[in-house]
Amino acid sequence: MQVIKELPGLSAGDMAQKLGVSNGAVSQTLARLERKGVVRKEKDRSLKNRLTVDFTEPGRDAIERFEEEQASAMASFSEYLSGLTTEEHSAIGDFLSHLEEFVQRLE
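Below, the structure is looked at part by part.

Basis of the calculations
Residues numbered from 1 in each chain as written. Predicted model: local features only at pLDDT ≥ 70, side-chain atom pairs only at ≥ 80, totals over all residues. Heavy atoms only, no water. Patch = residues over 30% accessible without salt bridge, like charges linked within 9 Å, V, L, I, M, F, W, Y side chains within 5 Å. Areas by Shrake-Rupley, 256 points an atom, 1.4 Å probe, with all protein chains shown as cover. Salt bridge = Lys/Arg side-chain N within 4 Å of Asp/Glu carboxyl O. Lys, Arg positive; Asp, Glu negative; His and termini not counted. Charge placed at Lys NZ, Arg CZ, Asp CG, Glu CD. Helix = DSSP H or I, 4+ residues; strand = E, 2+ residues; numbered from the N terminus. Buried < 20%, exposed > 50% of the residue type's maximum accessible area, 1.4 Å probe, protein only. Contact = heavy atoms within 4.5 Å. Core = buried A, V, L, I, M, F, W, Y, C linked by side-chain atoms within 4.5 Å.

Describing a negative patch on the surface
- Together, Glu57, Asp61, Glu64, Glu68 and Glu69 give the surface a local cluster of negative charge.
- Within the element layout of this structure, Glu64 appears in helix α4 (residues 57-82).
- Using a relative accessible area of 41% as the deciding quantity, one classes Glu64 as partly exposed.

This is the structure we're talking about:
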């Protein structure tokens, strides 16, 4: 839904490329969102095989609510981080570095 909002008029195939997923995955997701009344799919009049997607009114409301909640969560997290001491920031940084190394070894 964020790709639809950020890049209006993008074709389903272009969405798949942008997201790094298959055309089928995008097609299934769009079909599910269309059944829920969140988006509407339209065939491009100039290119018969091209499909574009736009939000319905409930879809616009849903993405706006999501973005508001996301902004609120980020503000809360930022406030939390700003209250940490230098030592706490350092400990978190060290932990994340070790975690990154650990995850890389698993790959």
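Thoughts on the environment of Ile4
- Here Ile4 lies in helix α1 (residues 2-6).
- For Ile4 and Met74, which are 70 residues apart along the polypeptide, the C-alpha to C-alpha distance reads 22 Å.
- In this view, Ile4 contacts Met15, Leu30, Val39, Val53 and Phe55; residues no more than four positions away in its chain are not counted.

What to know about the nonpolar core
- In this structure, Ile4, Met15, Val26, Leu30, Val39, Val53 and Phe55 are the most contacted members of the largest nonpolar core, which totals 14 residues.
- The set of elements that each furnish at least two residues to this core consists of α1, α2 (12-19), α3 (23-35) and β2 (51-55).
- Setting aside anything within four residues of it in sequence, one finds Leu30 in contact with Ile4, Ala12, Met15, Val39, Lys41 and Val53.

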